[in-house]
Structures are given as structure tokens and as C-alpha cells.
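# Per-entry structural report
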Amino acid sequence: MKDKKLLLRIITPRGKKVEQKADMLVMRCVGGDVGILPNHMPLSSPISDGILRIINGKEEQKMALFGGVVEVKNNIVTILTSIAQRPEEIDLARAEHDRKQYEQLMQERSSDLKMQSYSVLLRRALVRIEVSSEPIISGSDIDESDDI
Amino acid sequence: MSSIKGIKQRIANVSTTKQIMKAMDMVSTSKLQKARERLVNARPLFFETKRMVHQLKDCEKAKESIFIKQRKVNKSAYVIITSDKGLCGSYNVNIAQKALRHMNEGKNEVILVVGAKGYEFFRRRGKNILHRIIDITETQMYYDTGLLSEHVQSLYVSGEIDEVFIAYTRFESTLSYLPVVEKVLPISDGEENMRFDSEMTYEPDVHSFLEQAIPLYLHACFFAAMSESVACEHAARMVNMDSASKNATDIIDDLNRMYNRKRQAAITQEINEIVGGANILK
């Protein structure tokens, strides 16, 4: 049980992006954050724009996911998504620029449909910014939960 | 049959054509390399999404979804993927014929065609072409196929079409391509070899999962089919250009031989004339 690990696979149109072991995964699904530990029951869920945290011992990696679906089965976590970005792949300057632009656009009154797409784009920019900046949550409090 | 000058002109012509074909061959070779790489990367997403949606068939609640449930078929949509440019042998004809044969098995069809060649083919046969897409840039392929899949999905949801087929050319190797017609929607019971035993839970519920999974599945289908087809197109063009430049070499050889024979004949004739003239003077 102790040495059991999850196998994470992230598949994008550009091929298998990630294939690695992990102790714990936390991702943003449509209903809120979902944490996955080894021996999780079989689960499928849609993913919304958000951060995927890959926790391995004391190390934590972050990735930005934009939409897609996740499937958990037999300790294999398969994420199918259009876009998955590592922190180093994110253009922070562009994300900041996007954020300012959409924040400004959100201030102006426009049709509901436009507002909706702005809010999606703004959220994406925010996710990118958060992923590429330094970890806000320290690794220590996660380790405690791991020891149980 | 033709003069020495004429033959010389023809040799020059064929050589120029050969150069063009060689260049096209090289262009296709490098494009094929890129297309193959893209194809290898596009396949996993397609297989995984396919597996995932087929798994949904096991879920009782999902069976009632319009995407899975078989409904009475009035109209079948065909998405046919061809190329914009020619000079790739029988590539376009093969896939168009395959789709045509499939349609003629008593389907009431609407066609969404990708590529100028396929559009011409079906227009000439007076088929019901609903939508056509030409000039898909290869680097923009993922985005463009996304628009296509959204379009198909909205047609399907609105009930204008009751099933969706995709006709594309599957890339097997540089020398072998297989035109195939596959059913995309509704998710048919055809795939019997896929067995699932585990009880899957869907969060928050099956329908919101379907809402996200189906567009991704469609998109992945079209993207993979497009990637396969593009790889085939370049491979076909490469092979055809290669054999065409070989043919050109043969023609040049023949023409050269003919040219030399004519030249020899002319020289012999000239010598004969000189000798004949000299004999008269004796």
C-alpha cells in the first residue's frame, strides 16, 4: 500500500505530454478541486480550467490544464485535454497582458455572451499566472496528510 | 518523325519538368516527415477518447443520451477528407469512390467535404454538399478541425443529421494507404472487442461528463482523421513524383538515343553526299 503510486498520463493532440509516477494529484474538476490518492475508485470527470498539482513526496509540480476529461482506473490517471502547460512553457508576460486586457473589457458593459467568453479567457490568464509564479502553498502541510 | 532541333527541344522540356518533379518530391518528403510526426502524436488522444466514450455504453444512464442511442436514420452525414491539390495519384479518387460506394448502400446523405478535390468530385455527381472546407493550413489543423467538429455536433444535436460517418485515408506506411469509412456518431455497438468490467463513477453526473467528453471525442476523431489523410497525401505525392521523375529519365534516355541516331544518320548522309560528289568529279 505504502509504495503504491499513481501513474499519471496526460494526453494532448501533440502526443503524450506526461507519463510519470505520483503520490497524489489535485486537479480542478467542474464540481471543485478533486484530490486523488492511490487506490482511488474508478472515476471519470470533466475538468475545468485550472491547476493540476502533482505531488511526489515533498516535491510538487504544477501544470495548467484547460478543459478536458480525467479518468481514474486501476491507479492509472489519464487526462485527455486540448492544452496542458508546464510552468516553463507559459509566457508570463502574455498572460499578464491578457489579464489586464480582459479585466478592462469586463468593466465595460457588453452582451452576456461576450462577457462569458471574457470571463473564461480571464480565468485562463489567471491560471497561467498562478502556475508560472512560485508555489503559494508550501509542501509541508501536504506531507502531513500523506503520513496518515 | 521530328527534326533534330525538335528532339533537342523536347529533351530540354522533359528535363525542366523532371527538375520540377524532383523539387516537388523533396518538398513532399520533408512535409511527409512533419505530417508523420504529427500523426504519431495525434493517435493516442484519438484512441483514448474513443475508448472512453465506448466505455460509456456500459453506463445505464448514458445509454439514453442522444450521442449514444441509435435513432431512426433519415439523413446520414459524411465528412470526407481529401486534398486541395492534385498530383498525388489516385489518392483523392480512392477515398471519394470509397465514400460514394458507402453512400450508395441506401443512405440519404449530406456531405461535408474537406479539400477542393473532393468538392469537385461530389459536385460533378450532383451530391448534396452541405458544407465545404478548403485551404486548411497544416499548422492550424487542430483549430480548423475544432470548428468542423462543432459544426457537425450542432447539426447532430439539432436533429438535421442522424448519424455521422467520416471518410479518410488511413496511413499504414509510405507505400500503403487504406481508404476507410468509419462511424463516429452515434457511438455504435460495433466495437465488440472492447470489454469493460469495472464500474465507473461519473462526477458530477454522466451528462455533464458527456457534455465535455463528446466534443473532445469528435474533435479528436476529426483531427486524427485529418492527420492520417495529410500524411497519406504527402506520401502519395512523394511516391508519384518519384516514379514520374523516373519516367522522365526514361523519356530523356529514349529521346537522346533518337537524337543520336538522327545525328548519325545526318552525318552518314553528308559523307555519302561528299563521296558521291567526289566520285562524279573523277
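No experiment lies behind these values; they were computed from the predicted model shown.

## Description of the overall build of chain A
Helix and strand counts for chain A stand at three helices and 10 strands. Going from the N terminus to the C terminus, chain A shows its helices and strands as β-β-β-β-β-β-β-β-β-β-α-α-α. Looking at the 148 residues of chain A, the share that counts as buried comes to 43%. A sequence separation of at least 24 residues applies to 55% of the contacts in chain A between residues at least 6 apart. Summed over all atoms, the accessible surface of chain A reaches about 8100 Å², with 50% contributed by carbon and sulfur.

## Focus on the overall build of chain B
Per the secondary structure count, chain B includes five helices and six strands. Counting from the amino terminus, helix and strand elements in chain B follow one another as α-β-α-β-α-β-α-β-β-β-α. Computed over its C-alpha atoms, the radius of gyration of chain B comes to 28 Å, more than 25% above the 19 Å expected for a compact globule of 282 residues. Viewed in the frame of its principal axes, chain B has a C-alpha envelope of about 115 × 35 × 30 Å. Taken over 282 residues, chain B has a buried fraction of 44%. Considering only contacts within chain B whose residues lie at least 6 apart along the sequence, 77% involve residues at least 24 apart. Counting every atom, chain B has about 15000 Å² of accessible surface; 53% of that belongs to carbon and sulfur.

## Focus on the sheet that holds strand β5 (residues 43-46) of chain A
The six strands are arranged β2(A)-β1(A)-β9(A)-β8(A)-β5(A)-β6(B) in an open sheet whose pairing can be described as mixed. On the outer flanks of this sheet lie β2 (15-22) of chain A together with β6 (201-202) of chain B, each paired with one strand and no other.

## Focus: the domain arrangement of chain A
A common way to state how big an interface is: give the accessible area lost once the parts meet. Residue and element names in this part refer to chain A. Partitioning chain A into structural domains gives domain 1 (6-87) and domain 2 (89-132). Relative placement of domain 1 and domain 2: their C-alpha centres are 23 Å apart. Each partner contributes to the interface: domain 1 provides 14 residues, whereas domain 2 provides 10 residues. For the pair domain 1 and domain 2, the two sides together bury roughly 1100 Å², of which 50% comes from carbon and sulfur. Ranking the residues of domain 1 by area buried against domain 2 places D49, F66 and P87 at the top, with a combined share of 43%. Here domain 1 and domain 2 share three salt bridges between them. R124 serves as the salt-bridge partner of D49, at 2.9 Å between the closest nitrogen and oxygen. At the boundary of domain 1 and domain 2, one finds five residue pairs in polar contact (both at pLDDT 80 or more).

## Examining the pairing of strand β8 (residues 69-73) of chain A
All names here are of chain A. Counting buried residues along β8, five of its five residues qualify, which places the element largely inside the surrounding structure. Burial along β8 is two-sided: the residues V69, E71 and K73 and V70 and V72 are all buried. Across four bridges, β5 lies against β8 in antiparallel orientation. The residue of β8 that forms the bridge with S45 is V70. Relative to strand β9 (residues 76-80), β8 runs antiparallel, the two being bridged by five bridges. The residue bridging E71 from the neighbouring strand is T78, located in β9.

## Here's the deal with a nonpolar patch on the surface
Judged by side-chain polarity, I267(B), I271(B) and V275(B) come together as a nonpolar surface patch covering roughly 240 Å² of accessible area. A relative accessible area of 37% means that I267(B) is categorised as partly exposed.

## What about the pattern of salt bridges?
Opposite charge on two side chains allows them to pair when their charged atoms are near. This model, assessed by the stated rule, comprises 18 salt bridges over all chains. Between D254(B) and R257(B) there is a salt bridge, with its nearest N and O atoms 3.4 Å apart. Note that D254(B) and R257(B) are positioned in helix α5 (residues 206-281) at a spacing of three residues, about one turn of the helix. Residue classification places R257(B) among the partly exposed residues on the basis of a relative accessible area of 48%. Bridged by salt links that share partners, the residues R9(A), E71(A), E48(B) and R51(B) form one connected network.

Each value, and the rule that gives it
Residues numbered from 1 in each chain as written. Chains lettered and ligands numbered in written order. Predicted model: local features only at pLDDT ≥ 70, side-chain atom pairs only at ≥ 80, totals over all residues. Heavy atoms only, no water. Helix = DSSP H or I, 4+ residues; strand = E, 2+ residues; numbered from the N terminus. Buried < 20%, exposed > 50% of the residue type's maximum accessible area, 1.4 Å probe, protein only. Contact = heavy atoms within 4.5 Å. Areas by Shrake-Rupley, 256 points an atom, 1.4 Å probe, with all protein chains shown as cover. Rg over C-alpha atoms; globule rule 2.2 N^0.38 Å. Pairing = 2+ DSSP bridges. Domains from an automatic or database assignment. Buried area = accessible area lost by both parts, 1.4 Å probe. Salt bridge = Lys/Arg side-chain N within 4 Å of Asp/Glu carboxyl O. Polar contact = N/O pair within 3.5 Å; in protein donor to acceptor, adjacent residues only side chain to side chain. Patch = residues over 30% accessible without salt bridge, like charges linked within 9 Å, V, L, I, M, F, W, Y side chains within 5 Å.

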